[in-house]
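Observations on the three-dimensional arrangement
These are the residues of each chain, in order.
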Amino acid sequence: MAAASIALIAALGLAACAGIDRRAARKEVLAEANHPPEGQFVEVAGRQVHVVIDGLPEGAGPDLVLIHGASGNARDFTFRFVDAVKDRYRVLVFDRPGLGYTDRVSDSFGGAANTRAESPAEQARLLQAAALALGAETPIVLGQSYGGAVALAWALERPDNVSGLVIVSGASEPWPGQLAPQYPIVASSVGGTSIPPVLAAFLPNDRAALSLSAIFAPQSAPDGYAEHIGIGLALRRETMRANVRQINSLKPHLKVMSEGYGGIDIPVEIIHGTADTIVPIDVHSEVLVEQLPDALLTRLPGVGHMPHHVAQDEVIFVLDRLTRRAGLR
């Protein structure tokens, strides 16, 4: 009797898991139908990289690569930022590996039980190769938040294939303390297997959109932003796993990277809000500017983590200044 009861409980558990996965899969299909790829795909070593290209034709102006932060995708920049700069740049907006519609760097990084994550350097290599395939040999690279770490890795990994950097609210330094507990839990094999399917199946998009309040604080997200970026894309099971594991593994990579910043001899513009509590300016940008040989730091009083939306004019000003400093205008 006891054995039969255990078997019944196990069967019910498996059925419940299968039902959760089916529900999650249906929501993922809907998310992708509502927010399909905006751009095109370029193949790099068997990987599909999603890129939105806009602005000037190839060869008509400086190439500008935009790299988004954690939990995001290329739509973070296509919301309004690309329209504000496409009259004077050829703009390439990439989805980072595992997010949006770009493949993971390797098949070995995927799956619920695999806890590996792409380093900023591995991401930079993939995106640089994609940019090169699209004719952007020495672009300006602008990275926001986690994308700032990828931009810095690009300069460390491929110094001959970048003209200058713009780091917006960038994660650049190993920070004190630990991440919130949900990161190591979901990044683990057990957590990565069990938690993302439940969130993908049952977390309403409007509930997830509430997290934007914390990301934009003390400012608010612009009207229409949540709908444009496609919250459902971030709630896909594999996307959640990739995102959390990349964040969870970031700190040791930044420790190694920061030791090499002194060798980045291209011009760099750093712009950061003083009210940013997600990537604090005193931990990151105020340290970074002292490590780089040719860097300028613009502080934005009272601005939070998303200045490319809430202080867009200031971000574009430092981008244009970087372009002049790099001798591209």
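Look up: the structure comes first, before these words.
A brief look at the structure comes next. Keep in mind the model is a prediction, meaning the values are calculated, not measured. (Residues numbered from 1 in each chain as written. Predicted model: local features only at pLDDT ≥ 70, side-chain atom pairs only at ≥ 80, totals over all residues. Heavy atoms only, no water.)

Further remarks concern the overall build of the protein chain. On a plain count of helices and strands, the protein chain comes out with 16 helices and eight strands. What you see for the protein chain is a C-alpha radius of gyration of 20 Å, in line with the 20 Å of a compact globule of 329 residues. Overall size of the protein chain, expressed as C-alpha extent along the three principal axes, is 80 × 40 × 40 Å. Counting only residues that meet the buried cut, the protein chain has 50% of its 329 residues in that class. A fraction of 80% describes how many contacts in the protein chain between residues 6 or more apart in sequence connect residues 24 or more apart. Accessible surface for the protein chain amounts to roughly 13,800 Å². Of this, 57% is attributable to carbon and sulfur atoms. For the protein chain, the distance from the average position of its 27 positive side-chain charges to the average position of its 35 negative side-chain charges is 6 Å. (Helix = DSSP H or I, 4+ residues; strand = E, 2+ residues; numbered from the N terminus. Rg over C-alpha atoms; globule rule 2.2 N^0.38 Å. Buried < 20%, exposed > 50% of the residue type's maximum accessible area, 1.4 Å probe, protein only. Contact = heavy atoms within 4.5 Å. Areas by Shrake-Rupley, 256 points an atom, 1.4 Å probe, with all protein chains shown as cover. Lys, Arg positive; Asp, Glu negative; His and termini not counted. Charge placed at Lys NZ, Arg CZ, Asp CG, Glu CD.)

Along helix 13 (residues 250-258), the residues classified as buried are Leu250, Leu254, Met257 and Ser258. Projected down its long axis, helix 13 carries its buried residues within an arc of 90°, all on one side. Away from its buried face, by an angle of more than 90 degrees, helix 13 presents the exposed residues Pro252 and Val256. Buried residues along helix 13 sit in contact with helix 4 (120-133), helix 5 (146-157), helix 12 (237-248) and helix 14 (285-291). (Arc of directions from axis to C-beta.)

Attention now goes to the packing of helix 7 (residues 189-202) against helix 12. Contact geometry for helix 7 and helix 12: axes closest at 9 Å, N-to-C directions at 130°. In terms of orientation, helix 7 lies oblique with respect to helix 12. Read as a crossing pair, helix 7 and helix 12 show a hand that is right-handed. Across the interface between the two elements, Ser189, Gly192, Thr193, Pro196, Pro197, Leu199 and Ala200 of helix 7 pack against Arg237, Met240, Arg241 and Arg245 of helix 12. Looking at side-chain class alone, the contact of helix 7 with helix 12 contains five nonpolar, three polar and three charged residues. (Axes fitted to C-alpha atoms, helices over the stretch in contact; angles between N-to-C directions. Parallel < 35°, antiparallel > 145°, perpendicular 65-115°, else oblique. Left-handed = near helix turned anticlockwise from the far one by under 90°. Nonpolar A, V, L, I, M, F, W, Y, C, P; charged D, E, K, R; others polar.)

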